[in-house]
Amino acid sequence: MTRVPFLDLQAHHAPIRTELVAAFEAVLDSSAFAGGPFVQRFEKDFAAYCGTRHCVAVGSGTDALWLALLALGVGPGDEVITVPMTFMATAEAISYTGARPVFVDIEPDTYTLDPRQLERAITPRTRAIIPVHLYGQMADMEPILAVAFKHGIPVVEDACQAHGATYRGRRAGAWGRLGCFSFYPGKNLGALGEGGAVVTDDEDLARKVAMYRDHGQARKYHHDLVGWNARMDGIQGAALQIKLKRLDATNEARRRHAAQYRGLLADVPGVVLPRERPDGSHVYHLFVVRVPDRDAILAELAAEGIQCGIHYPIPVHLQEAYRPLGYGLGTFPVSEACAAEALSLPMYPELTAAQVETVAEELKRCLARRTSAPASAEAARQLAPVG
Ligand SMILES: *Cc1c(COP(=O)(O)O)cnc(C)c1O
């Protein structure tokens with residue numbers, strides 16, 4: 001029996017069901033299915049939300065990253081820096097421009113790009129840097145931007161897990177030359193299918209991304225660039241415009257659950273809690289703790305009806321697909337340690353306080369079994385008769 005699911009999209013959509021159905025009908029009645037006015041209205045609202053001048057909606061977060069790099073002119077022979085502790089898409093987008101992903105390890109407590117290790121990864125071929133705002137917390141943007149500025153390299157934010165997160169008073173997406181978002185259904189702002197967006201203050205880059213998403217045309221049948229079809233569906237634009245209105249409230253709910261988890265797990269031996277930057281707002285796309293013996297604990301919790309996840313079990317530099325890059329085990333020790341120990345606890349706005357308590361109690365029980373077992377084995381050995 002599932003006592004606490006990892007995610008509950010039905011509960012998430014129930015309160016806005018009527019509004020969503022009305023939006024589908026409006027799209028159906030106007031036949032504005034691919035791009036069109038529903039998408040344009042969402043673009044306007046999302047740019048305003050992020051605090052950027054432009055937003056270009058695309059087909060997915062992967063599209064957003066790929067087209068952002070193409071708009072910057074990244075291509076074969078170039079290098080793009082990112083972190084190995086991310087979803088595969090960040091690196092795939094780099095590879096699909098023809099450039100080579102170059103990795104920099106993460107900070108051990110925030111799990112985002114370590115600015116102190118950034119500069120030594122820069123070479124004359126570096127064309128972009130992609131910090132990833134992992135789990136809902138922004139990377140340490142000021143020192144990252146300082147290094148990038150010194151070398152004249154643009155920064156592209158992977159904000160696919162950080163809709164509405166802030167750092168020093170400004171939102172995710174508004175710090176880099178371009179910011180990339182995913183609206184995959186389970187993200188903090190999720191569509192009812194696939195979706196993504198690129199935000200930027202740079203009009204020329206916005207125009208380029210818009211051309212790339214629509215076969216390189218600014219005018220119908222005049223193709224100035226070799227582009228792609230990466231348009232957003234009208235239905236997704238309409239649904240996202242409705243869901244955006246609730247984003248601040250749902251992020252606030254996630255932060256409440258995170259605070260409750262923290263309180264309940266604060267002094268539990270064996271649990272490492274995520275560090276929150278004091279100068280930002282973490283929006284807890286995921287609540288990730290580090291525990292020893294992670295895979296066994298995941299299975300034990302599942303047996304108790306508590307669904308957890310792992311984000312991510314294999315860092316990107318050790319993926320089979322990237323074997324040709326030649327990074328061996330031990331190259332990025334912090335990412336590798338996190339990949340071995342990270343456990344994502346149930347996290348979604350509709351969680352109840354009782355569910356959070358259940359998760360914390362069961363996790364504590366799992367860990368207590370482990371810390372007491374070796375001690376009692378030792379005691380048993382001492383008590384055993386000699387000879
Ligand atoms: C979800 C995600 C992506 C990819 O987004 P899609 O919409 O699934 O293509 C990229 N980067 C990160 C960090 C993500 O979490």
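Residues numbered from 1 in each chain as written. Predicted model: local features only at pLDDT ≥ 70, side-chain atom pairs only at ≥ 80, totals over all residues. Heavy atoms only, no water.

Peer 1: Go over the domain arrangement of the protein chain with me, naming the residues and quoting the values.
Peer 2: Segmenting the protein chain into domains produces domain 1 (9–244) and domain 2 (247–381). With 46 residues of domain 1 at the contact, the number on the domain 2 side is 39 residues. Between domain 1 and domain 2, the buried area comes to about 3,600 Å², and carbon and sulfur atoms account for 55% of it. Summed over the three residues of domain 1 that lose the most area to domain 2, namely F103, Y135 and N188, the buried surface amounts to 20% of that side. At the surface where domain 1 touches domain 2, the tally comes to 4 salt bridges. Close ionic contact of D248 with R171 constitutes a salt bridge, the shortest N to O distance being 3.4 Å. Between domain 1 and domain 2 we count 32 residue pairs in polar contact (both at pLDDT 80 or more) in total. (Domains from an automatic or database assignment. Contact = heavy atoms within 4.5 Å. Buried area = accessible area lost by both parts, 1.4 Å probe. Salt bridge = Lys/Arg side-chain N within 4 Å of Asp/Glu carboxyl O. Polar contact = N/O pair within 3.5 Å; in protein donor to acceptor, adjacent residues only side chain to side chain.)

Peer 1: Outline the packing of aromatic side chains, listing residues and values.
Peer 2: On inspection of all chains with the given rule, the structure shows 15 aromatic pairs. Relative to F332, the ring of F103 lies with its centre 6.2 Å away and its plane at 80 degrees, an arrangement referred to as edge-to-face. Residue F103 is located in strand β3 (residues 100–103), and its partner F332 is located in the loop between α10 (294–303) and α11 (333–341); the two are separated by 229 residues in the primary sequence. Both residues of the pair, F103 and F332, count as buried. Taken together, the ring pairs in this structure connect F42, F46, Y49, F181 and F183 into an aromatic cluster. Positioned above the aromatic ring of W175 is the side chain of R170, whose terminal nitrogen or guanidinium carbon lies 4.3 Å from the ring centre. (Phe/Tyr/Trp six-rings, centres within 6.5 Å; stacked < 30°, edge-to-face > 60°. Helix = DSSP H or I, 4+ residues; strand = E, 2+ residues; numbered from the N terminus. Buried < 20%, exposed > 50% of the residue type's maximum accessible area, 1.4 Å probe, protein only. Lys NZ or Arg CZ within 6 Å of the ring centre and 35° of its normal.)

Peer 1: Can you tell me about the nonpolar core, naming the residues and giving the values?
Peer 2: Note that soluble globular proteins tend to have their nonpolar side chains buried in a common cluster. Ranked by internal contacts, the top residues of the largest apolar core, which has 62 residues, are F46, I129 and F183. Mapped by element, the contributors of at least two residues to this core are α3 (37–50), β1 (54–58), β3, α6 (141–151), β9 (196–200), α8 (234–244) and α11. There are two domains that each give this core at least three residues, and those are domain 1 (9–244) and domain 2 (247–381). Counting 26 residues, the second largest nonpolar core, distinct from the first, contains L67, I130, V156 and V198. (Core = buried A, V, L, I, M, F, W, Y, C linked by side-chain atoms within 4.5 Å.)

Peer 1: How would you explain the site of the ligand if you had to name every residue and give the values?
Peer 2: Not every one of the 15 residues close to the ligand is listed here, only the nearest: G61, T62, Q161, S182 and K187. Side-chain polar atom of T62 to an oxygen atom of the ligand: 2.4 Å apart, as the coordinates give it. A distance of 2.8 Å is found between an oxygen atom of the ligand and a side-chain nitrogen or oxygen belonging to Q161. For the ligand, the protein covers 93% of the area, taking 380 Å² as the surface of the free molecule. Counting residues per element, the shell around the ligand draws most heavily on helix α4 (residues 61–71), at 3 residues. A breakdown of the residues in the shell around the ligand according to their chemical character gives 5 nonpolar, 8 polar and 2 charged. (Near = heavy atom within 4 Å. Areas by Shrake-Rupley, 256 points an atom, 1.4 Å probe, with all protein chains shown as cover. Nonpolar A, V, L, I, M, F, W, Y, C, P; charged D, E, K, R; others polar.)

Peer 1: Mind laying out unusual backbone geometry, listing which residues take part and the relevant values?
Peer 2: It is generally the case that most residues other than glycine have a negative phi and that most peptide bonds are trans. With an omega of 10 degrees, the peptide bond running from H311 to Y312 counts as cis. Considering the arrangement of structural elements, one finds Y312 in the loop between α10 and α11. Phi at R168 is positive, roughly 45 degrees, even though this residue is not glycine. Within the secondary structure, R168 sits in the loop between β6 (166–167) and β7 (170–171). Although it is not a glycine, H215 sits at a positive phi angle of roughly 60 degrees. In this structure, H215 sits in the loop between α7 (203–212) and β10 (217–219). Exposure remark for H215: the relative accessible area of 33% places this residue in the partly exposed category.

Peer 1: Please provide a residue-by-residue account of the confidence of the model for the protein chain, values included.
Peer 2: For the protein chain, per-residue confidence averages 95 on the pLDDT scale, and residues scoring 70 or more make up 96% of the total. Mean pLDDT values for the elements of the protein chain range from 78 in helix α12 (residues 353–383) up to 99 in strand β5 (residues 156–158). Contacts from residues 375–380, a stretch scored under 50 in pLDDT, to residues over four places away or in other chains number 0 contacts. In this model residues 382–387 is a low-confidence stretch, pLDDT under 50, and it forms 0 contacts with partners more than four residues away in sequence or in other chains. (pLDDT = per-residue confidence, 0-100.)

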